[in-house]
Amino acid sequence: MMSCYTALVLLLCAAAQSVAAITDGLLPNGNFEKGPSRSQLNGTQVTSRYAIPEWEISGVVEYIESGHKQGDMLLPVPEGVYAVRLGNEASVKQNLKVTKGMYYSITFCAARTCAQEERLNVSVTPDSGVLPMQTMYSSSGWDCYAWAFKALFAQVELVIHNPGVEEDPACGPLIDSVAIKTLYPPRLTNKNLLKNADFEEGPYILPNTTWGALVPPNIEDDHSPLPGWMVESLKAVNYIDSAHFKVPQGKRAVELVGGKESALAQVARTVVGRVYTLSFLVGDAGNACTGPMVVEAFAARSTVKVPYDSKGTGGFKRAVLRFTAVAERTRVVFLSTYYNTRTDGSLCGPVVDDVTLLSVRNPSRRLRLL
């Protein structure tokens with residue numbers, strides 16, 4: 001039977017976790033560097049529900065040190081020394097104090113171990129999303145994902161859950177570096193018919209990393225962590241910043257890393273029969289992604305293919321697509337014609353930034369691709 005002392009400790013731990021106030025950046029112990037005591041571990045398996053400070057666990061959760069060997073494979077950790085592995089139907093969760101009605105983006109890093117169909121369920125009641133992990137975007141095996149939610153309550157519970165059932169529970173995904181960022185939905189201005197067209201509003205990008213934050217397809221995400229934009233089709237796009245990459249303008253941009261399988265889109269209000277210009281920058285992220293690239297842009301019944309010869313060191317060019325609206329709402333879409341990879345096999349692609357959609361006052365004036 002549970003002693004009164006043990007029950008009291010559990011209640012105090014639960015109460016302490018329930019009042020965690022959040023600020024932009026890593027969640028409390030979001031990198032799992034504070035771990036269980038030796039008495040709360042059976043090998044690598046965590047044996048107590050509240051053994052990992054600031055977190056509550058359920059199911060088989062392992063506390064993994066960087067360099068831990070699984071068969072012939074060494075398991076690295078992207079930030080710090082420790083991470084957690086979620087076994088079959090296992091989860092980690094943390095209570096967060098938020099502002100009711102605000103939007104937030106969760107960023108976390110995950111690595112697939114040996115199961116080919118691994119996926120993760122991320123939820124904040126009542127929102128949830130299943131993030132497939134079949135595609136490995138980086139060469140390290142670790143990818144950072146972004147997922148967003150709207151806070152319907154002043155206190156919410158974030159849950160990262162492994163819904164998989166594998167014969168070998170050690171095949172569960174590794175989790176590390178869980179962070180949060182408040183999102184401020186952008187508003188339309190008289191200078192642009194698109195929202196967040198410079199991509200400056202978006203998910204938290206972890207410092208001192210060599211990757212950005214993957215924004216998953218919209219079919220897996222009720223609220224976009226990239227406000228104003230949807231990611232269509234099957235693959236994610238990579239949200240990058242000027243601290244780690246070459247960005248054409250400002251501090252943030254989007255790298256199209258999934259070829260035609262990932263499309264970045266936004267719907268704008270237009271007037272039927274009116275002429276519009278869609279202007280945007282195409283470049284590379286300065287991440288050694290070299291070779292020919294092509295960005296395709298679509299609007300109404302018009303399209304343009306913008307070639308870009310990447311040296312992998314950063315650079316950009318401006319392109320313009322002119323079209324006539326055929327509906328009151330026009331979908332603007334960007335995608336990469338080719339699949340691009342670096343020499344280490346990791347996915348990469350052209351960068352899109354500084355998108356502007358405006359009505360043409362003098363339709364007789366001719367525009368050309370710059």
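Now for a look at the structure at hand. Please read all numbers here as calculations on a predicted model, not as lab measurements. (Residues numbered from 1 in each chain as written. Predicted model: local features only at pLDDT ≥ 70, side-chain atom pairs only at ≥ 80, totals over all residues. Heavy atoms only, no water.)

Details of the sheet that holds strand β23 (residues 302-310)
Turning to step 1, where the next piece is worked out: Read across the open sheet, the five strands follow the order β17-β20-β25-β22-β23; overall the sheet is antiparallel. Single-partner strands in this sheet number two, and they are β17 (230-233) and β23. Between one strand axis and the next, the sheet turns through 25 degrees on average, direction left out of account.
Turning to step 2, where the next piece is worked out: Bridge count for strand β20 (residues 262-269) against strand β25 (residues 329-336) is seven bridges, and the pairing is antiparallel. Bridge pairing in β25 links Ala265 to Val333. (Pairing = 2+ DSSP bridges. Helix = DSSP H or I, 4+ residues; strand = E, 2+ residues; numbered from the N terminus. Axes fitted to C-alpha atoms, helices over the stretch in contact; angles between N-to-C directions.)

Concerning the packing of aromatic side chains
Turning to step 1, where the next piece is worked out: The tally for this structure, following the rule as stated, stands at nine aromatic pairs.
Turning to step 2, where the next piece is worked out: Here Tyr63 and Tyr82 contribute two aromatic rings whose centre-to-centre distance is 4.7 Å and whose plane-to-plane angle is 10 degrees, an arrangement assigned as stacked. Within this pair, whereas Tyr63 is found in strand β5 (residues 61-65), its partner Tyr82 is found in strand β8 (residues 82-86), the two being separated by 19 residues in sequence.
Turning to step 3, where the next piece is worked out: Under the relative-accessibility criterion, Tyr63 is labelled buried at 9%.
Turning to step 4, where the next piece is worked out: Taking the centre distance of 4.9 Å and the plane angle of 70 degrees together, the rings of Phe280 and Phe334 count as edge-to-face. Here Phe334 lies in strand β25 and Phe280 lies in strand β21 (residues 275-284), a separation of 54 residues in the sequence. Judged on exposure class, the residue Phe280 and its partner Phe334 are both buried.
Turning to step 5, where the next piece is worked out: Here the aromatic residues Phe199, Trp229, Phe280 and Phe334 are joined through ring pairs into a cluster of three or more. (Phe/Tyr/Trp six-rings, centres within 6.5 Å; stacked < 30°, edge-to-face > 60°. Buried < 20%, exposed > 50% of the residue type's maximum accessible area, 1.4 Å probe, protein only.)

Brief notes about the nonpolar core
Turning to step 1, where the next piece is worked out: Counting 40 residues, the largest nonpolar core has Phe108, Phe149, Ile175 and Val178 as the members making the most contacts within it.
Turning to step 2, where the next piece is worked out: Elements with a minimum of two residues in this core: β5, β8, β9 (91-97), β10 (103-111), β11 (119-124), β13 (142-150), β14 (155-161) and β15 (174-183).
Turning to step 3, where the next piece is worked out: The dominant element in this core, judged by the number of residues it contributes, is β10, at four residues.
Turning to step 4, where the next piece is worked out: Of the domains in this structure, domain 1 (25-183) and domain 2 (186-363) are the two that each give at least three residues to this core.
Turning to step 5, where the next piece is worked out: Residues Ala213, Ala268, Phe323 and Leu357 belong to the second largest nonpolar core, which totals 38 residues. (Core = buried A, V, L, I, M, F, W, Y, C linked by side-chain atoms within 4.5 Å. Domains from an automatic or database assignment.)

With respect to the pattern of salt bridges
Turning to step 1, where the next piece is worked out: Enumeration over the complete set of coordinates arrives at ten salt bridges.
Turning to step 2, where the next piece is worked out: Between Arg331 and Glu232 there is a salt bridge, with the nearest N and O atoms lying 2.4 Å from each other. In this pair, Arg331 sits in strand β25 while Glu232 sits in strand β17, placing the two residues 99 residues apart along the sequence.
Turning to step 3, where the next piece is worked out: Given the relative accessible area of 40%, Arg331 is considered partly exposed.
Turning to step 4, where the next piece is worked out: Here Glu296 ties to Lys260 by a salt bridge, and the two come within 3.7 Å at their closest N and O atoms. Here the residue Glu296 occupies a position in strand β22 (residues 291-299), and Lys260 occupies one in the loop between β19 (252-255) and β20, the gap between them amounting to 36 residues.
Turning to step 5, where the next piece is worked out: For Glu296, a relative accessible area of 5% translates into the label buried.
Turning to step 6, where the next piece is worked out: Relative accessible area serves as the criterion here: at 47%, Lys260 is assigned to the partly exposed category.
Turning to step 7, where the next piece is worked out: Taken together, the shared-partner salt bridges connect Arg49, Glu56, Lys93 and Glu157 into one network. (Salt bridge = Lys/Arg side-chain N within 4 Å of Asp/Glu carboxyl O.)

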